[in-house]
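Descriptive structure summary
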Amino acid sequence: MQTERVAIDPLHPAPEIIARAAAVLRGGGLVAFPTETVYGLGANALDERAVQSIFAAKGRPPTNPLIVHVPDLAAAVTLVSDMPAPARALADRFWPGPLSLVLLKSARVPDVVTAGGPTVALRAPAHPVALALLQACGFPLAAPSANPSTHLSPTTADHVLSGLDGKIDMVLDAGPAAGGLESTVLDLTVSPPRLLRPGLATRAQIEAVIGPIGHGPDQNPSAPLRSPGMHERHYAPRAALDCQADSRPRVEQLMRQGVRVGWIVWSPTAPEALAGAIIERLPADAAGYAAGLYAALHRLDQANVSHIVVDLPPAGDAWLAVHDRLRRAAHS
Ligand code: TXA
Ligand code: MG
């Protein structure tokens, strides 16, 4: 299959391009599109065959459920058997935006989307291209991150093509995704609601709306996986990676061993470059760091480093998602 790359204005997407992409999706095809977090790989969520082809293109295990994207709360209501008050309050506060809500699904949602489970994750993405596409389609879009399973999520169309060229019909290229990390996933089918994946909507922001939520590993480790994507090596660059509070000695040690090293630092640390190490500098604020992290990891993979050392970023609520992804990337 030939993957078509179509440039589109991120703020004022041309209706004729959106219509073409919607036609591909209506026909059961796969279209990668930008969201405010990362690029997603979309298919008609109500078309079982189309959704199956997402799993095939990504090499994703069928046990890992997909997030379904909707234009708004009204569209979400048709996909769940119940929309509890806290879910409505969160949708009012965060949608369109980077919060995925796990709710009991309605019969409209095919089992292949939810990996056979009784719940579905829903979100309305805050990107003009994604919203225009959802409006034009008139059906919800199942869309995981547009990368081969377990690889880094894409924040540009180049990243999408480097993993999925020839396996999908089209990619809408609207430039870099501004957020840079995936949405927060919150399970509202348990009490208290549980944070399954930290993301750009922070725990403190969520708790300000619905009160205390659960987080951290499940109390009962033998219970069925609540969010299968969370328990494997994920969000990982090709190179080995580790995080260090004092990163320079680690970089020097690896270089003495003849290892080709990438070094990710953030501004206040701002060490001078070490001859031979490939340095990536990220901003000192959580939003700026999140926006740049995956692109930096993609560049280091492209530069063929075999080890990445990350200078440990600051702690705190706003940095939770960054630490989560770094921990996963380091897990091999
Ligand atoms: O920002 C994002 O969320 C991006 C953009 C494209 O929207 N999408 C994304 O999808 O990151 P994906 O498939 O790469 O990650 C979805 C995560 C996985 O960890 C999956 O296991 C979890 O959400 N998930 C999906 N449906 C679920 C459900 N019903 N119950 C629990 N976890 C679920
Ligand atoms: Mg993913």
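The shown structure was predicted, so the numbers you read here are calculated from the model rather than taken from an experiment.

Around ligand 1 sit 27 residues, and of these Thr 37, Arg 60, Asn 64, His 69 and Ser 183 come closest. Contact between ligand 1 and His 69: an oxygen atom at 2.7 Å from a side-chain N or O atom of the residue. Note that an oxygen atom of ligand 1 is positioned 2.9 Å from one of the side-chain N or O atoms of Arg 197. Looking at the shell around ligand 1, the elements that each hand over two or more residues are strand E4 (67–69), strand E6 (119–123) and strand E10 (194–197). With four residues, E6 is the largest single contributor of residues to the shell around ligand 1.

In this structure the tally under the stated criterion is one aromatic pair. Between Tyr 289 and Trp 319, the aromatic rings sit 5.3 Å apart at their centres with planes inclined by 70°, giving edge-to-face as the arrangement. Here Tyr 289 is found in helix H9 (residues 286–302), whereas its partner Trp 319 is found in the loop between strand E14 (307–311) and helix H10 (320–330), with 30 residues between them in sequence. Each of the two residues, Tyr 289 as well as Trp 319, counts as buried.

With that settled, consider the environment of Gly 97. Locating Gly 97 in the fold gives a position in the loop between helix H4 (85–94) and strand E5 (99–104). C-alpha of Gly 97 to C-alpha of Thr 35: the two residues are 62 residues apart in sequence and 9.2 Å apart in space. Ignoring sequence-local partners within four residues, the contact set of Gly 97 consists of Glu 36, Arg 123, Ala 124, Pro 125 and Ala 126.

With that settled, the discussion passes to the domain arrangement of the protein chain. What the domain assignment lists for the protein chain is domain 1 (4–215) and domain 2 (240–330). With centres defined by C-alpha atoms, the gap from domain 1 to domain 2 works out at 28 Å. Between domain 1 and domain 2 lies a buried interface of about 1400 Å² when both sides are counted; carbon and sulfur atoms form 64% of it. Among the residues of domain 1 in contact with domain 2, Leu 152, Leu 181 and Pro 198 are the three that bury the most area, contributing 43% of the side total. On the surface where domain 1 and domain 2 come into contact, there are one salt bridge. Only E10 and helix H7 (203–210) provide two or more residues apiece to the side of domain 1 that touches domain 2.

Look at the link from Trp 95 to Pro 96: it is a cis peptide, with omega at -10°. Topologically, Pro 96 is positioned in the loop between H4 and E5. Here Ser 191 and Pro 192 are connected by a cis peptide whose omega angle stands at -5°. For Pro 192, the position within the fold is in the loop between strand E9 (184–187) and E10.

Reading the values: the criteria
- Residues numbered from 1 in each chain as written.
- Chains lettered and ligands numbered in written order.
- Predicted model: local features only at pLDDT ≥ 70, side-chain atom pairs only at ≥ 80, totals over all residues.
- Heavy atoms only, no water.
- Near = heavy atom within 4 Å.
- Polar contact = N/O pair within 3.5 Å; in protein donor to acceptor, adjacent residues only side chain to side chain.
- Helix = DSSP H or I, 4+ residues; strand = E, 2+ residues; numbered from the N terminus.
- Phe/Tyr/Trp six-rings, centres within 6.5 Å; stacked < 30°, edge-to-face > 60°.
- Buried < 20%, exposed > 50% of the residue type's maximum accessible area, 1.4 Å probe, protein only.
- Contact = heavy atoms within 4.5 Å.
- Domains from an automatic or database assignment.
- Buried area = accessible area lost by both parts, 1.4 Å probe.
- Salt bridge = Lys/Arg side-chain N within 4 Å of Asp/Glu carboxyl O.

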